[in-house]
Amino acid sequence: MRLVEERIAHPDKYTEEEDSAEFEDPSLYHYAIFSNNVIAVSVVVNSAVKNAQEPWKHVFHVVSDRMNVAAMKVWFKMRPVGGGAHVEVKAVEDYAFLNSSYVPVLRQMESANYGDNAKLRNPKYSLLNHLRFYLPEMYPKLHRILFLDDDVVVQKDLSALWRIDLDGKVNGAVETCFGSFHRYTHYLNFSNSVIREKFNPKACAWAYGMNIFDLDAWRREKCTDQYHYWQNLNEDGTLWKSGMLPPGLITFYSTTKSLDKSWHVLGLGYNPSISMDEINHAAVIHFNGNMKPWLDIAINQFKNLWTKYVDNDMEFVQVCNFGL
């Protein structure tokens, strides 16, 4: 609210700026962060920039919705990122091709079929969460992009991810299975013959939150078409229940390359027993779970890993109660 008030009070300071050439330069390191949480996004960007060896080569594409885009823009205008890094802030609504005639989940949200389906009114179903399936069309000039969730912290220079050989695969991700846990059978409904015929129930799941996508391979493999095909089939919710991971596991079933686990350490939002050693060696740590680091219920010993990247000099942060 304070950010929006600031914009209303000083409209001359916040005129729309021209897109800079860097936003489309495929030789730079591009990130996609889709979120309405200003403070969380600022930490992701700040942590990545502070740990980058050549920050001026890093470009952050932040997308939020119409309701929150003004606040997000004011933040990055008032607190420009250091090191010459670049930030583009857009609203989902700026992408005209994302309409209900093209996007199954939008059509499903609008259709009468979902009138009584409460789960689709869940914020998790916002279009923002589904943008991850439209990266090649949103960024047509780029070859690779790093997708980051807003509850991660970057602890090392990530530029090597743009050089990793993905063996022609689309999605570079860290796998999460161990023993019988986190296998496809946990996420998809294998009592359904359509699922049974196409997927191996023992296939290893991987994590969203830090994914390096080869957009050329994605275009070649037509992954967005795959996603549309399955999202349409799941109109009634019988193939998988909810969340972003099941359609991701389906879309990138044979096109995911496993990355070394130290790239992405998960669970800091629910698992207090992760070793500090594992955390210290991680390139990206992920506060997935309910105990977010900006909440009072955060896991104490992990909280500082996030708060140290909060911009405490920002006047609005000082007057807001973040329980920091």
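To keep things clear, this report deals only with the structure shown in the data block. (Residues numbered from 1 in each chain as written. Predicted model: local features only at pLDDT ≥ 70, side-chain atom pairs only at ≥ 80, totals over all residues. Heavy atoms only, no water.)

**With respect to the sheet that holds strand E8 (residues 256–258)**
Read from one edge to the other, the open sheet built from 7 strands follows the order E3-E2-E1-E4-E7-E6-E8, with strand pairing classed as mixed. Unpaired on one side and paired on the other, strand E3 (86–91) and E8 mark the two borders of the sheet. Along the sheet, successive strands turn relative to each other by an average axial angle of 25 degrees, direction set aside. Direction of pairing for strand E6 (residues 171–173) relative to E8: parallel, over a ladder of 3 bridges. (Pairing = 2+ DSSP bridges. Helix = DSSP H or I, 4+ residues; strand = E, 2+ residues; numbered from the N terminus. Axes fitted to C-alpha atoms, helices over the stretch in contact; angles between N-to-C directions.)

**Thoughts on the pairing of strand E1 (residues 29–34)**
Among the 6 residues of E1, 6 are classified as buried, and the element is accordingly described as predominantly covered. Burial of the side chains of E1 extends over both faces: Tyr29, Tyr31 and Ile33 are buried on one face and His30, Ala32 and Phe34 on the other. Pairing of E1 with strand E2 (residues 58–64) involves 6 bridges; the strand directions are parallel. Bridge pairing links Tyr29 to His58 in E2. Taken together, E1, helix H2 (residues 38–50) and E2 constitute a β-α-β crossover, and its handedness is right-handed. Where E1 lies against strand E4 (residues 144–148), 2 bridges are found, and the strand directions are parallel. Residue pairing for E4: Tyr31 is matched across the bridge by Leu146. (Buried < 20%, exposed > 50% of the residue type's maximum accessible area, 1.4 Å probe, protein only. Right-handed = clockwise from strand over helix to strand, strands pointing away.)

**Here we look at the environment of Leu295**
Counting through the fold element by element, Leu295 comes out in the loop between strand E10 (284–286) and helix H12 (300–307). A relative accessible area of 33% places Leu295 in the partly exposed class. As for Leu295 and Thr256, which are separated by 39 residues in sequence, their C-alpha atoms are 33 Å apart. Contact partners of Leu295, with chain neighbours within four places excluded, come to Asn290 and Lys303. (Contact = heavy atoms within 4.5 Å.)

**Quick look at the pairing of E2**
Across the 7 residues that make up E2, a large majority, 7, are buried. Side chains of E2 alternate between two faces, with His58, Phe60, Val62 and Ser64 and Val59, His61 and Val63 buried alike. Taking the sense of rotation as the criterion, the β-α-β connection linking E2, helix H3 (residues 69–78) and E3 turns out right-handed.

**Observations concerning the packing of H2 against H3**
In the contact formed by H2 and H3, the axes pass within 10 Å of each other and the chain directions differ by 40 degrees. Here H2 lies oblique to H3, going by the angle between them. The two elements H2 and H3 meet at a crossing, and its hand is right-handed. Each of Val38, Ile39, Val41, Ser42 and Val45 in H2 lies in contact with H3, whose residues at this interface are Ala71, Met72, Trp75 and Phe76. Across the contact of H2 with H3, the residue classes break down as 8 nonpolar, 1 polar and no charged. (Parallel < 35°, antiparallel > 145°, perpendicular 65-115°, else oblique. Left-handed = near helix turned anticlockwise from the far one by under 90°. Nonpolar A, V, L, I, M, F, W, Y, C, P; charged D, E, K, R; others polar.)

**A closer look at the layout of surface pockets**
In this structure, the largest pocket occupies an estimated 1600 Å³ of space. Together, 46 residues line the largest pocket, and Asp149, Asp151, His286, Asn288 and Gly289 are the ones closest to its centre. Secondary-structure elements contributing two or more residues to the lining of the largest pocket are helix H5 (127–130), E4, helix H10 (245–251) and strand E9 (264–265). Looking at the lining of the largest pocket, its residues break down into 20 nonpolar, 17 polar and 9 charged. Approximately 580 Å³ is the volume found for the second largest pocket. Lining the second largest pocket are 21 residues, and of these Glu17, Phe23, Val87, Glu88 and Val89 sit closest to its centre. If one sorts the elements of the lining of the second largest pocket by residue count, E3 sits on top with 5 residues. (1 Å grid on protein atoms, 1.4 Å probe; cavity = no way out; pocket = protein on both sides within 12 Å on 5 of 7 lines; lining within 4 Å. Points joined across faces, edges and corners; volume = space filled by probe spheres on them.)

**Considering the pattern of salt bridges**
Going through the model one piece at a time under the given rule, you end up with 11 salt bridges. The closest approach of N and O atoms between Glu16 and Arg7, which form a salt bridge, is 3.7 Å. For Glu16, a relative accessible area of 54% puts it in the exposed group. Owing to a relative accessible area of 25%, Arg7 belongs among the partly exposed residues under this scheme. Between Glu16 and Lys73 there is a salt bridge, with the nearest N and O atoms lying 2.9 Å from each other. Note that Glu16 is positioned in the loop between helix H1 (2–9) and E1 and Lys73 in helix H3, a separation of 57 residues in sequence. Among the ionic contacts, a cluster of salt bridges with common partners joins Arg7, Glu16 and Lys73. (Salt bridge = Lys/Arg side-chain N within 4 Å of Asp/Glu carboxyl O.)

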